Amino acid sequence: MARKKIALIGSGMIGGTLAHLAAKKEMGDIVLFDIAEGMPQGKALDLSQCGPIEGFDAKITGSNDYADIAGADVVIVTAGVPRKPGMSRDDLLGINLKVMKAVGEGIKNNCPDAFVICITNPLDAMVWALREFSGLPHNKVVGMAGVLDSARFATFLAWEFDVSVKDVNAFVLGGHGDTMVPVTSYTTINGIPVNDFAKIKGVSESRIDEIVDRTRKGGGEIVGLLGNGSAYYAPATSAIAMAEAYLGDQKRILPCASYVEGKYGLDGLYVGVPTMIGAGGTEEVIEIELSDEEKANLKVSTDAVEELLEACKGLDSSLA
Ligand code: A3D
């Protein structure tokens, strides 16, 4: 069987980390694409030289030519600009929308059968725009955010309770912004509802609220500390989990920015919802029962996403 081909559009901090992870896992041959000349080629060369030490077989190449992503099975998009301290994800809209147009056309012309995972911010709007520009079916274009946001929530809970991260199953819904909805009613410590576990451990409700708030602002906390750029290790790890679910037909239920039509009272929007990923791409959006408060929080979050889509339509008439 031929090796799978993984195209990484954007070879910056996340792109480089994605390439390293995909190579280590021998997920397939890797093409690092970027508009910056020399940089993806340099990273490809450097990463290839990890092969003999780490013992992986993967051909890693760098390119500035979309023709080199032809026939890719998976495309992971990080092209664009990241946040600087003080910036919101939404501040990136105008510049990254233009990037999505170029990337969408590159995908449409070279690998229209790929499974495409978008990471570029503001995520829920960019994945929607990328789908529009590429013309791929909705089930083959998805956004990565929920896996990362849930991992952040799980990390903070594991620290608070002093338990293994392996036993924390955290759940985050909604848009990837400060209005995201960490859902405590579906968050468990190995099956024990988090609020029950908090009582057992003597952790107050207000402390859980603080952890929810830290999760919402988790990306900004890292942007502030780094001083230049945003998180990249955990975002890359999250997208790799999604790519593996697709390539391995794993039928994993992962929180992803998926296209929702009908469920959750939504009408044609990309937003973070539990999604089954298998060989068919995003095979099913799972609609869960929510309390009135959770529904209201989700509405705030989806309204914010809708506002961004309107802004995109205002910036590019082909989207209207
Ligand atoms: P960075 O290291 O700057 O890499 C971005 C790369 O994109 C650079 O190498 C650019 O040269 C390249 N690029 C710019 N324009 C184009 C273009 N038209 N075609 C191809 N390549 C281009 O950023 P990063 O890797 O740290 O972050 C990438 C994106 O991911 C940013 O938009 C971040 O905001 C976003 N991000 C999202 C999450 C989510 O959870 C959704 C988390 C972290 C970062």
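Note that the structure is a prediction, hence the values are computed from the model and not measured.

**Student:** What is the right way to look at the environment of Glu132 in this model?
**Tutor:** Mapped onto the secondary structure, Glu132 falls in helix α5 (residues 123-134). The partly exposed category is assigned to Glu132, whose relative accessible area is 32%.

**Student:** I tried to follow the side chain of Arg152 on my own but got confused; where do I start?
**Tutor:** Turning to its location among the elements, Arg152 is positioned in helix α6 (residues 146-161). Contacts of Arg152, omitting those with residues within four sequence positions, involve Arg89, His176, Thr215, Gly218, Gly219, Ile222 and Ala231.

**Student:** Mind showing me how you'd approach the UniProt feature "binding site: NAD(+)" (unreviewed entry) in the protein here?
**Tutor:** Those places that UniProt annotates as "binding site: NAD(+)" (unreviewed entry) correspond, in this numbering, to Gly10, Ser11, Gly12, Met13, Ile14, Gly15, Asp34, Asn96, Ile119, Thr120 and Asn121. If you take the residues mentioned a moment ago, the ones lining the largest pocket come down to Gly10, Ser11, Gly12, Met13, Ile14, Gly15, Asp34, Asn96, Ile119, Thr120 and Asn121. Along the chain, the position of Asp34 falls in the loop between β2 (29-33) and α2 (39-48). Under the relative-accessibility criterion, Asp34 is labelled buried at 11%. Contacts of Asp34, omitting those with residues within four sequence positions, involve Gly10, Ser11, Gly12, Met39, Pro40, Ser63 and Asn64. Within the structure, the side chain of Asp34 is placed 2.9 Å from the backbone nitrogen of Ala36, a separation counted as a polar contact. If you trace the backbone, Asn96 turns up in helix α4 (residues 93-110). Exposure remark for Asn96: the relative accessible area of 0% places this residue in the buried category. For Asn96, the contacting residues outside a window of four places in its chain are Gly80, Val81, Thr120, Asn121 and Met126.

**Student:** Would you take a moment to explain the pattern of salt bridges for this structure?
**Tutor:** Working definition: two side chains of opposite charge can pair if their charged atoms are close together. Within this structure, the stated rule accounts for 15 salt bridges. Across the salt bridge formed by Lys25 and Glu244, the nearest N and O atoms sit 3.4 Å from each other. With Lys25 in the loop between α1 (13-24) and β2 and Glu244 in helix α10 (residues 233-247), this pair connects stretches of sequence that are 219 residues apart. According to the relative accessible area criterion, Lys25 is partly exposed, its value standing at 44%. Residue Glu244 is classed as partly exposed on the basis of its relative accessible area of 24%. For Lys217, the salt bridge identified is with Asp213, shortest N-O distance 3.1 Å. On the accessibility criterion, Lys217 (44% relative accessible area) is partly exposed. Put simply, Glu160, Arg207 and Glu210 are held in one network by salt bridges that share partners.

The rules we used
- Residues numbered from 1 in each chain as written.
- Predicted model: local features only at pLDDT ≥ 70, side-chain atom pairs only at ≥ 80, totals over all residues.
- Heavy atoms only, no water.
- Helix = DSSP H or I, 4+ residues; strand = E, 2+ residues; numbered from the N terminus.
- Buried < 20%, exposed > 50% of the residue type's maximum accessible area, 1.4 Å probe, protein only.
- Contact = heavy atoms within 4.5 Å.
- UniProt positions renumbered as here; feature names shortened; annotations may be inferred.
- 1 Å grid on protein atoms, 1.4 Å probe; cavity = no way out; pocket = protein on both sides within 12 Å on 5 of 7 lines; lining within 4 Å.
- Polar contact = N/O pair within 3.5 Å; in protein donor to acceptor, adjacent residues only side chain to side chain.
- Salt bridge = Lys/Arg side-chain N within 4 Å of Asp/Glu carboxyl O.

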